[in-house]
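Summary of the model geometry
Next come the chains, spelled out residue by residue.
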Amino acid sequence: IPCAGRGAASSPGQGGLAVAESTSGKLIMFSQEFCPTCVKARKVMTEEGIEFEERLLDDREDWQDEVLLKTKQVTVPVFLHPDGRWEVGFRGERG
């Protein structure tokens, strides 16, 4: 899965959002360890006191499959919000 901001393609018409089941009230960030946009998101959210669970996709094909299935996207970071909403990219930075 490519990093957002590095020429990754996004599918038209979805706006990067999809709706899924509830996540038990926790923000989940699917990311890759060395993706610059993921590093920035991790740093900014930590500095702003935003609680989140990070799921590194580097060696987890099952999580990669979940992101692709739910968002039809092959870019990171991807966020699963507590209300079940999926969001691709971080504050406007995405492929």
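To be clear, the structure that these remarks concern was listed above.
Our subject in this report is the structure included herewith. (Residues numbered from 1 in each chain as written. Predicted model: local features only at pLDDT ≥ 70, side-chain atom pairs only at ≥ 80, totals over all residues. Heavy atoms only, no water.)

**Some details on the overall build of the protein chain**
What the protein chain contains, in helices and strands, is 2 helices and 5 strands. Long-range contacts, defined here as pairs at least 24 residues apart, represent 68% of the contacts in the protein chain between residues at least 6 apart. Accessible area for the protein chain stands at about 5,300 Å²; split by element, carbon and sulfur atoms hold 52% of it. (Helix = DSSP H or I, 4+ residues; strand = E, 2+ residues; numbered from the N terminus. Contact = heavy atoms within 4.5 Å. Areas by Shrake-Rupley, 256 points an atom, 1.4 Å probe, with all protein chains shown as cover.)

**Brief notes about the environment of K40**
Among the structural elements, K40 can be located in helix α1 (residues 36–47). Looking at K40, the relative accessible area reads 38%, which means it is partly exposed. Distance from K40 to F90, taken between C-alpha atoms, is 8.6 Å for residues 50 residues apart in sequence. If near-sequence neighbours (up to four positions away) are discounted, K40 is found in contact with F90 and E93. (Buried < 20%, exposed > 50% of the residue type's maximum accessible area, 1.4 Å probe, protein only.)

**A few points about the packing of aromatic side chains**
Two aromatic rings, taken as a pair, are described by how far apart their centres are and by the angle between their planes. Counted according to the given criterion, the structure contains 2 aromatic pairs. Centre to centre, the rings of F30 and W86 are 5.5 Å apart; their planes meet at 20°, and the pair counts as stacked. Here the residue F30 occupies a position in strand β2 (residues 27–31), and W86 occupies one in strand β5 (residues 85–88), the gap between them amounting to 56 residues. The buried category is assigned to W86, whose relative accessible area is 0%. (Phe/Tyr/Trp six-rings, centres within 6.5 Å; stacked < 30°, edge-to-face > 60°.)

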